[in-house]
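# Breakdown of the fold
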2 protein chains.
Amino acid sequence: MKNITIHLPKRLEIGAHAATKVGEVFGAARTFVLATPHTQGFVDQLGLSGQVTVFADIPGEPDTACLEAAMAAAREARPDLVVGLGGGSVMDVAKLVAALWDGDQTLADVAGPNKVAGRACALVQVATTAGTGSEAGIRALITDPGAGAKIAVESPHLIADLAVLDPVLTYSVPPAVTAATGIDAMAHCVEAFTNVNAHPVIDGFARMGIDLVGRFLARAVKDGTDTEAREGMMLASFYGGICLGPVNTAAGHALAYPLGTLLHLPHGLANAIIFPHVLAFNQPVAEAKTAEVAAALGLTGDLLPAARAFCEGLGVEMRLSAHGATEDQLDRFATDAHGIRRLMNNNPRDMSVEDVLGIYRAAF
Amino acid sequence: MKNITIHLPKRLEIGAHAATKVGEVFGAARTFVLATPHTQGFVDQLGLSGQVTVFADIPGEPDTACLEAAMAAAREARPDLVVGLGGGSVMDVAKLVAALWDGDQTLADVAGPNKVAGRACALVQVATTAGTGSEAGIRALITDPGAGAKIAVESPHLIADLAVLDPVLTYSVPPAVTAATGIDAMAHCVEAFTNVNAHPVIDGFARMGIDLVGRFLARAVKDGTDTEAREGMMLASFYGGICLGPVNTAAGHALAYPLGTLLHLPHGLANAIIFPHVLAFNQPVAEAKTAEVAAALGLTGDLLPAARAFCEGLGVEMRLSAHGATEDQLDRFATDAHGIRRLMNNNPRDMSVEDVLGIYRAAF
């Protein structure tokens, strides 16, 4: 077995209304909460006392200007505790604010792996979606509008002291978003599971995540207040986040990226559309593991139509054309996706630019 | 699902020679290493620089005097980093030294749950056995010779910053100890799995641990330098440690305790002897989960003889009489074990004092 490093939040609070533990466990004199206009409504469920400052302007794709604004607000608030209360975007910004607000490092200084000097204040991540798994990890992505690309920061100092998985906070996520982000969480597990860098330890977390998706995603889509199903999906997302750390994703996420940058599809939806195609493409070189995935999801018969029907059955519109893509865009998508070598090189089966184009055509 | 709190080391380093990461990741000016006369031989594998002080006098069952001696040495060394390099006893002492050396709290002050005020210095746990899972947890046990009992300290401040699972450090564990401690690790998983307080999240870790024991324990016993098998068993032990935290053990460990205190059997051996009996006793009320355990271990047919044969096949002498027990001791064992209500009350099937005595007789 290869050696492996795994980063984990040192404390997990899991279950309905677990969010109230934030104040109980990490009671701080000054707390700075990152949120969205929607998730700021949950702040009073965190059990906080002391001075609480809420910065609720985190958009879906936070950019450098957003980070700067959040950082300025944090410098004003001088928090002992930073809380990310939201999905992946919010939690990513929270990581950077917690690590950088009281120091001299800029975003440019810390871009890349292992550049963050340290972190003095506590960091709590309270997930309000089940998909990104950002609460489990040490990576933060910020859009650089100048370069038209994402800046990735990765550091052990970005790991949460406490991650909260409170299913009640996800009740209001609409069915379509629940479905797409749930498939994204599964994609994190599956792409790590069949990865060229797959590791038996991470396989264990991947299996748990895939199994939970098979058992609970349809229920969470059908009834948003199904606490057990919502909790199962939050765990699947968390396990997916663990998979992202040391192993990461592969061709599926590479093919999803252009759908985000060029077609402006939400990350979860883009991954849901691509998922069945890459699962089927990789099947010949990962037969046993693909069979495990199919069994966990209850897929029978020919894999591609079965996996696609699984996603459609959850209410995901799987045709790129229905999302506004035009046929003449597909070449550009293919070139871009094929160029994301850091992910494409993780794929167990080599994928030519023609293979990529073929997948987009099949998904058109 | 019930709410659950899980504590985890925030970083894991897993694999052959992963121990060298200690210095690389947690390089400290002053490091204080807790060890045994045997494990101090591994200190030069930790990649440490700066001032290194080694306290290598931790016995198998550390008592309050041992802790005091270690604490005095630590106060002299004034470490930034405390390293536990050994089995459960060493790691338990390391937890307390790291949390208490620079403060005013005594052991009496912190006995029980959530009494430790904080911890300033870093704590790294480097396991050199696969059994206790102490590196995964927040509990420390110290023998109080005056009271003839163990003092338990439990606090989130006792969790490691880094846990190292380096299979090379377990190469020299003799086959008999490998077998007994490996069964103990499995018992942690199984007793949490079939516990009245069982939780689906912990069940996931229990399943991974039991599966690893089924795949790797016999290989690790047969060839101590089988790196993959040793690594698998270290992981099983770590997962067992996670099971111990929020769920804990049940009747198996309760019945093993008198064999430690009165017959002076090592903890792992005591648990290995008891394991098949409690597994079979609980079968009627935990049929599905017991069947999963049996399948993972490859047990077929009548459960008690099959599980006993599994242990004997690993070279464990399963008869209490062969370990020096006399028949007239069994009543006392039974009274004592039955009285450990904090564990007996976790058992899925009520066990009368006659049931307990019956098990000791069957194991005699």
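Please read these numbers as outputs of a predicted model, since none were measured by experiment.

## A closer look at the sheet that holds strand β6 (residues 112-113) of chain B
By way of backbone hydrogen bonds, the strands of a sheet pair with one another, either parallel or antiparallel. Residues and elements named next belong to chain B. If you trace the 3 strands from one edge of the open sheet to the other, you get β6-β9-β8, paired in mixed fashion. Of all strands in the sheet, those bounded by a partner on one side alone are β6 and β8 (139-144). Sitting on the sheet, helix α3 (residues 88-100) touches β8 and β9 (149-154), and the angle it makes with β8 is about 100°.

## As for the environment of Glu228(B)
Among the structural elements, Glu228(B) can be located in helix α7 (residues 227-244). Along the backbone, Glu228(B) and Pro167(B) are 61 residues apart, and their C-alpha atoms lie at a distance of 7.9 Å.

## Let's talk about helix α8 (residues 251-261) of chain A
Residues and elements named next belong to chain A. Across the 11 residues that make up α8, a large majority, 9, are buried. Listed as buried for α8 are Ala251, Gly252, His253, Ala254, Leu255, Ala256, Tyr257, Pro258 and Leu259. Residues of α8 that are buried make contact with α5 (175-193), α9 (267-282), α12 (330-339), α13 (341-344) and α14 (353-362).

## Some remarks on the interface of chain A and chain B
Residue-level contacts link 25 residues of chain A with 25 residues of chain B. Of all the elements in the fold, those that place two or more residues in the side of chain A that touches chain B are β1 (4-7), β2 (11-14), α6 (200-222) and α7 (227-244) of chain A. Relative to strand β1 (residues 4-7) of chain B, β2(A) runs antiparallel, the two sharing 4 bridges. Paired with Ile14(A) across the strands is Ile4(B), a residue of β1(B).

## What to know about the relation of the copies chain A and chain B
Mapping chain A onto chain B is achieved by rotating through 180° and translating by 0.0 Å along the same axis, at an RMSD of 0.0 Å. Here the copies are linked by what is in effect a two-fold axis. Identified as the residue of chain A closest to the rotation axis by C-alpha distance is Lys10(A), at 2.4 Å. Taken together, the interface assignments show that 100% of the residues at the interface of chain A recur at the interface of chain B, consistent with an identical surface on both copies.

## Section: the domain arrangement of chain A
All names here are of chain A. Segmentation of chain A into domains returns domain 1 (12-169) and domain 2 (171-362). Between the C-alpha centres of domain 1 and domain 2 there is a distance of 26 Å. Taken together, the contact between domain 1 and domain 2 spans 16 residues of the former and 22 residues of the latter. Among the residues forming the side of domain 1 that touches domain 2, the class breakdown is 8 nonpolar, 7 polar and 1 charged.

## Section: the nonpolar core
Core analysis: the biggest nonpolar cluster contains 258 residues, and Leu34(A), Val83(A), Val97(A), Leu34(B), Val83(B) and Val97(B) have the highest contact counts within it. Other than its neighbours up to four places away in sequence, Leu34(A) contacts Phe55(A), Ile58(A), Ala70(A), Val83(A), Gly84(A), Leu85(A), Gly86(A), Val90(A), Val93(A), Ala94(A) and Val97(A).

The rules behind each value
- Residues numbered from 1 in each chain as written.
- Chains lettered and ligands numbered in written order.
- Predicted model: local features only at pLDDT ≥ 70, side-chain atom pairs only at ≥ 80, totals over all residues.
- Pairing = 2+ DSSP bridges.
- Helix = DSSP H or I, 4+ residues; strand = E, 2+ residues; numbered from the N terminus.
- Contact = placed C-beta atoms within 7 Å.
- Axes fitted to C-alpha atoms, helices over the stretch in contact; angles between N-to-C directions.
- Buried ≥ 20, exposed ≤ 12 C-beta atoms within 10 Å, placed from the backbone.
- Least-squares fit on C-alpha atoms with pLDDT ≥ 70 in both.
- Domains from an automatic or database assignment.
- Nonpolar A, V, L, I, M, F, W, Y, C, P; charged D, E, K, R; others polar.
- Core = buried A, V, L, I, M, F, W, Y, C linked by C-beta atoms within 7 Å.

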